[in-house]
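Chain by chain, the residues:
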Number of protein chains: 2
Amino acid sequence: MKFAPSLQQLIDALRVLPGVGPKSAQRMAFTLLEDNHGASQLAQSIKQAQQTIQSCQTCQNYTQSAQCDICTDQTRSANGQICVVAQPQDVLSIEQTGHYHGRYFVLKGLLSPIDGIGPEELGLDKLQSQLQHGINELILATSPSVEGEATAFYLSEMAKQYNITVTRLAQGLPAGGELSALDSRTLGHAFSGRKQL
Amino acid sequence: MKFAPSLQQLIDALRVLPGVGPKSAQRMAFTLLEDNHGASQLAQSIKQAQQTIQSCQTCQNYTQSAQCDICTDQTRSANGQICVVAQPQDVLSIEQTGHYHGRYFVLKGLLSPIDGIGPEELGLDKLQSQLQHGINELILATSPSVEGEATAFYLSEMAKQYNITVTRLAQGLPAGGELSALDSRTLGHAFSGRKQL
Ligand SMILES: [Zn+2]
Ligand SMILES: [Zn+2]
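Just so it is clear, the structure is predicted and the values come from calculations on it, not from any experiment.

1. Overview of the overall build of chain A
Stage number 1. Helix and strand content of chain A: nine helices and seven strands.
Stage number 2. Here the C-alpha coordinates of chain A stretch approximately 65 × 35 × 35 Å along the principal axes.
Stage number 3. Within chain A, the proportion of its 197 residues that are buried is 51%.
Stage number 4. Of all intrachain contacts in chain A linking residues separated by at least 6 positions in sequence, the fraction that spans at least 24 positions is 56%.
Stage number 5. Entry remark: accessible area of chain A is about 9,100 Å², with carbon and sulfur atoms responsible for 48%.
Stage number 6. The centroid of the 14 positive side-chain charges in chain A is displaced by 4 Å from the centroid of its 17 negative side-chain charges.

Dropping the structure here:
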């Protein structure tokens, strides 16, 4: 059975969402057609987010202003810590552990020369310039994958130039696991047990 | 931790999708922010579907023309069967069984006086006028719920006025189950075993 073209197009477009297979995409499309208000709201929220969400000038996390709420919060820079994560979602995961009250730096990726992702693509020059002013500890919270370890190694070499303590989350993290998929307790333990490199 | 307002709004708007809880909505929102092209495509497909998808004049199923593909297909009306379903999704489910080659009538709801859904809201006058021309069998494929049974009863009374055979899908359907959630085989068996009322 063939769907009307614009219905099929909607079903296809919904597949961009993580974890949405052909069957769920169909169910979602029908729901959207039945809920005009909700569907309009969703289309408009996507456009609005695309137009207003930008990268924080300081930490590269998503924000609606030049600087994000965490970077503008003086109490977050008091202890001179920066925690480096791969993705914006990881900031949320770490915040939920309640173990950390410093600032972040969001790479939005990991070093991967094969894919053409080098230090510049991750904004590491921006991070490097920040290391020169009042930073005591760089916490490397990238995942224990090949790219995560390579990125952590690069960052630790960079930080050592400035005599900054470099720590890495304890290897309580499951191998190859995504930070954003962990429960707060596991991630909290990994945070507390972090070791100096 | 608070998200930027337009990010939070996007997370909230995604909850309109079936089976999407707070955690998946967050994951989806981040994915959309990372995939500008996919996100634009989705927003635009929603708008496009809203603007172009309408109800088939004959069967009320979703279509992009005045009449849907099934209603314009002469071979589908040859045997004089109309299968009545509650939702557009149910048409898809029945088509996938391969057991049926007649036409459909899509109620887009079920009789529910408490919710103010009467025969008019379901377009039953439109169905009634169709029963007067070359229809031999009305197949009632509404779910075996209270509303589904009440709707089936109403339709069978209506069809009897025109000496039309009325059948109901065999009670192999799980009680209270949604047609669109069934596998093709179960639904196919229910179709083959349908009984005259
Ligand atoms: Zn920031
Ligand atoms: Zn039709």
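2. Section: the coordination of the zinc ion (ligand 1)
Angles at a metal have ideal values that depend on geometry: 109.5 degrees with four tetrahedral donors, 90 or 180 degrees with six octahedral donors.
Residue and element names in this part refer to chain A.
Stage number 1. Distances from the zinc ion (ligand 1) to its protein donors, namely Cys56 (SG), Cys59 (SG), Cys68 (SG) and Cys71 (SG), fall within the range 2.2 to 2.3 Å.
Stage number 2. The site at the zinc ion (ligand 1) holds four donor atoms, and with the angles between them running 105 to 119°, its shape is tetrahedral.
Stage number 3. For the zinc ion (ligand 1), the donor residues sit on a single chain with the sequence spacing C-x2-C-x8-C-x2-C.
Stage number 4. By relative accessible area, which is 5% here, Cys68 ends up buried.

3. Quick notes on the packing of aromatic side chains
When we look at a pair of aromatic rings, we describe it by the centre distance and by the angle of the planes.
Stage number 1. Under the definition given, this model contains six aromatic pairs over all chains.
Stage number 2. The interplanar angle of 20° and the centroid separation of 5.9 Å between the aromatic rings of Phe30 of chain A and Tyr62 of chain B together place this pair among those described as stacked. Here the residue Phe30 of chain A occupies a position in helix 2 (residues 22-34), and Tyr62 of chain B occupies one in strand 2 (residues 62-63), the pair thus bridging two chains.
Stage number 3. Residue Tyr62 of chain B is classed as buried on the basis of its relative accessible area, which comes to 13%.
Stage number 4. Aromatic side chains Phe3 of chain B and Phe30 of chain B sit 5.9 Å apart centroid to centroid with 70° between the ring planes, which places their arrangement in the edge-to-face category. Of this pair, Phe3 of chain B sits in the segment before helix 1 (5-14) while Phe30 of chain B sits in helix 2 (residues 22-34), and the two are 27 residues apart along the sequence. No difference in accessibility class separates Phe3 of chain B from Phe30 of chain B, as the two residues are buried.

4. Here's the deal with the coordination of the zinc ion (ligand 2)
All names here are of chain B.
Stage number 1. Within the protein, the zinc ion (ligand 2) binds to Cys56 (SG), Cys59 (SG), Cys68 (SG) and Cys71 (SG); these donor distances fall in the range 2.3 to 2.4 Å.
Stage number 2. Relative to the metal, the four donor atoms surrounding the zinc ion (ligand 2) lie at angles of 104 to 119°, and the coordination shape comes out tetrahedral.
Stage number 3. Mapped onto the polypeptide sequence, the residues donating to the zinc ion (ligand 2) form the spacing pattern C-x2-C-x8-C-x2-C. The same class applies to Cys56 and to Cys59, which are both buried.

5. Regarding the interface of chain A and chain B
Stage number 1. At the junction of the two partners, chain A supplies 50 residues and chain B supplies 50 residues.
Stage number 2. Both sides together, the interface formed by chain A and chain B hides about 4,700 Å², and carbon and sulfur atoms give 68% of it.
Stage number 3. Applying the counting criterion to the chain A and chain B interface returns zero salt bridges.
Stage number 4. Here chain A is connected to chain B by eight residue pairs in polar contact (both at pLDDT 80 or more).
Stage number 5. Going through the elements one at a time, helix 1 (5-14), helix 2, helix 3 (36-52), strand 2 (62-63) and helix 6 (88-97) of chain A are the ones with two or more residues in the side of chain A that touches chain B.
Stage number 6. Taken together, the residues of the side of chain A that touches chain B break down into 26 nonpolar, 18 polar and six charged.

6. Description of the packing of helix 7 (residues 124-131) of chain A against helix 8 (residues 146-160) of chain A
Each packed pair of helices is defined by two parameters, the angle between the axes and the distance between the axes.
Residue and element names in this part refer to chain A.
Stage number 1. The N-to-C vectors of helix 7 and helix 8 enclose an angle of 35°; their axes lie 10 Å apart at closest approach. The hand of the helix 7/helix 8 crossing is right-handed. Within the contact between the two elements, helix 7 uses Leu124, Leu127, Gln128 and Leu131 and helix 8 uses Tyr154, Leu155, Met158 and Ala159.
Stage number 2. Of the residues belonging to the contact of helix 7 with helix 8, the class tally is seven nonpolar, one polar and no charged.

7. Considering the environment of Glu157 of chain A
Stage number 1. In this structure, Glu157 of chain A sits in helix 8.
Stage number 2. Along the chain, Glu157 of chain A and Leu197 of chain A lie 40 residues apart, while their C-alpha atoms are 9.9 Å from each other.

8. What about the UniProt feature "zinc finger region: C4-type" (unreviewed entry) in chain A?
Stage number 1. Cross-referencing UniProt, the feature "zinc finger region: C4-type" (unreviewed entry) maps to residues 56-71 of chain A in the present numbering.
Stage number 2. Secondary structure across residues 56-71 of chain A comprises 19% helix and 12% strand; the distance between its end C-alpha atoms is 8 Å.

Criteria and cut-off values
Residues numbered from 1 in each chain as written. Chains lettered and ligands numbered in written order. Predicted model: local features only at pLDDT ≥ 70, side-chain atom pairs only at ≥ 80, totals over all residues. Heavy atoms only, no water. Helix = DSSP H or I, 4+ residues; strand = E, 2+ residues; numbered from the N terminus. Buried < 20%, exposed > 50% of the residue type's maximum accessible area, 1.4 Å probe, protein only. Contact = heavy atoms within 4.5 Å. Areas by Shrake-Rupley, 256 points an atom, 1.4 Å probe, with all protein chains shown as cover. Lys, Arg positive; Asp, Glu negative; His and termini not counted. Charge placed at Lys NZ, Arg CZ, Asp CG, Glu CD. Donors = N, O, S within 2.8 Å, 3.2 Å for Na, K, Ca; no water. Tetrahedral: all angles 85-135°; square planar, octahedral: opposite > 155°, others 65-115°. Phe/Tyr/Trp six-rings, centres within 6.5 Å; stacked < 30°, edge-to-face > 60°. Buried area = accessible area lost by both parts, 1.4 Å probe. Salt bridge = Lys/Arg side-chain N within 4 Å of Asp/Glu carboxyl O. Polar contact = N/O pair within 3.5 Å; in protein donor to acceptor, adjacent residues only side chain to side chain. Nonpolar A, V, L, I, M, F, W, Y, C, P; charged D, E, K, R; others polar. Axes fitted to C-alpha atoms, helices over the stretch in contact; angles between N-to-C directions. Left-handed = near helix turned anticlockwise from the far one by under 90°. UniProt positions renumbered as here; feature names shortened; annotations may be inferred.

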